Amino acid sequence: MNAPLPFDREALRRAAGEIVANVTELAARGWTPATSSNFSRRIDAQHAAITVSGRDKGRLTEDDIMVVDLEGQPVATDRKSSAETLLHTQLYKRFPEVGCILHTHSQNQTIASRLFAGAGHMRLDGYELLKAFSGNDTHEAEIVVPVLPNSQDMHTLAAQVDALLDRRPMWGYLIDGHGLYAWGTDMAEARRHLEAFEFLIGCELELRKLQR
Ligand SMILES: CSCCC(=O)C(=O)COP(=O)(O)O
Ligand SMILES: [Zn+2]
């Protein structure tokens, strides 16, 4: 008889279904080119459901979702989770309230990460859509989006994210030449944050073109 799983199968099934349904929509917007991007959903205090590494996100199925513990180790499978798993699990470990993490590679995100890499951040201020970010209720606010140098060493990237989080609360960050991480307490909030980042980053890029 197989040993019982250390997580609830029904919770995994629900999380996998939610990830596939939402990622299919995000892929249809062109935000997950060439097998890029990865997505996860907390399933309990010690486990998260996350996309398997290397999958085409426009053709994702529930079989492409696996479970990792919060140290980033696969659970009850020998499949390889996202290469960026540690960037997900570090947030689940640090913030018990975080329930969903979305990482995309849209063209806006990638271009802005290059443009603002030197400054180390980009500023979003004066927009009504800033109210899409939880905890903000006015356009008279400023959201600073950090831009981290890219690295293939996830421990290095995770340490830099932790240092940023020690300084200020945030709902997302950019990685230079790479893409955006956004998160929330659940899929709806994470998607709202992701869409607000994407739209406002696009506004800033367009404004720069018009101001030339
Ligand atoms: C082809 S994109 C390079 C990897 C990457 O940045 C990404 O977001 C997808 O990696 P994963 O291991 O999650 O497939
Ligand atoms: Zn990536």
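Residues numbered from 1 in each chain as written. Chains lettered and ligands numbered in written order. Predicted model: local features only at pLDDT ≥ 70, side-chain atom pairs only at ≥ 80, totals over all residues. Heavy atoms only, no water.

Any chance you could explain the coordination of the zinc ion (ligand 2) here in plain terms?
Under ideal tetrahedral coordination, the four donors around a metal are separated by 109.5 degrees; under ideal octahedral coordination, the six donors are separated by 90 or 180 degrees. Of the protein atoms, only Glu-84 (OE), His-103 (NE2), His-105 (NE2) and His-178 (NE2) coordinate the zinc ion (ligand 2), at distances of 2.1 to 2.5 Å. With six donor atoms in place around the zinc ion (ligand 2) and angles of 70 to 175° between them, the coordination shape is octahedral. Sequence positions of the donors to the zinc ion (ligand 2) reduce to the motif E-x18-H-x1-H-x72-H. With Glu-84 in the loop between strand E3 (65–69) and helix H2 (85–94) and His-103 in strand E4 (residues 100–104), the pair connects residues that are 19 residues apart, well separated along the chain. The burial state of Glu-84 is the same as that of His-103; both residues are buried. (Donors = N, O, S within 2.8 Å, 3.2 Å for Na, K, Ca; no water. Tetrahedral: all angles 85-135°; square planar, octahedral: opposite > 155°, others 65-115°. Helix = DSSP H or I, 4+ residues; strand = E, 2+ residues; numbered from the N terminus. Buried < 20%, exposed > 50% of the residue type's maximum accessible area, 1.4 Å probe, protein only.)

Please explain the side chain of Arg-42 as it appears in this structure.
Considering the arrangement of structural elements, one finds Arg-42 in strand E1 (residues 38–44). As a buried residue without a salt bridge, Arg-42 has its nearest oppositely charged side chain in Asp-44, at a separation of 6.4 Å. Among the polar contacts made by the side chain of Arg-42, one reaches the main-chain carbonyl oxygen of Tyr-92 at a distance of 2.8 Å. In terms of polar contacts, Arg-42 uses its side chain to reach the backbone carbonyl oxygen of Val-98, at 2.9 Å. Beyond its immediate sequence surroundings of up to four residues, Arg-42 is in contact with His-47, Ala-48, Leu-70, Tyr-92, Phe-95, Pro-96, Val-98 and Gly-99. (Lys, Arg positive; Asp, Glu negative; His and termini not counted. Salt bridge = Lys/Arg side-chain N within 4 Å of Asp/Glu carboxyl O. Polar contact = N/O pair within 3.5 Å; in protein donor to acceptor, adjacent residues only side chain to side chain. Contact = heavy atoms within 4.5 Å.)

Would you mind going over the packing of aromatic side chains with me for this structure?
Aromatic rings considered in pairs are described by the distance between their centres and by the relative angle of their planes. For the coordinates displayed, the defined rule picks out three aromatic pairs. A centroid spacing of 4.6 Å and a plane angle of 55° characterise the contact between Phe-133 and Phe-197, whose relative ring orientation is tilted. Here the residue Phe-133 occupies a position in the loop between strand E5 (121–125) and strand E6 (142–148), and Phe-197 occupies one in helix H5 (residues 187–210), the gap between them amounting to 64 residues. The pair Phe-133 / Phe-197 is uniform in exposure class, with both members buried. On the basis of an interplanar angle of 10° and a centroid distance of 5.3 Å, the ring pair of Tyr-173 and Tyr-181 is categorised as stacked. (Phe/Tyr/Trp six-rings, centres within 6.5 Å; stacked < 30°, edge-to-face > 60°.)

Can you help me understand the pattern of salt bridges in this one?
Side chains bearing opposite charge may pair, as long as their charged atoms lie close to each other. This structure, assessed with the given rule, holds 16 salt bridges. For the salt bridge of Glu-10 with Arg-13, the shortest nitrogen-to-oxygen distance reads 2.5 Å. With a gap of three residues between them, Glu-10 and Arg-13 both fall in helix H1 (residues 9–28), about one helical turn apart. Ionic pairing is found between Arg-94 and Asp-162, a salt bridge with its closest N-O pair at 2.9 Å.

Spatial relationships are all this shows, so hold off on functional conclusions.
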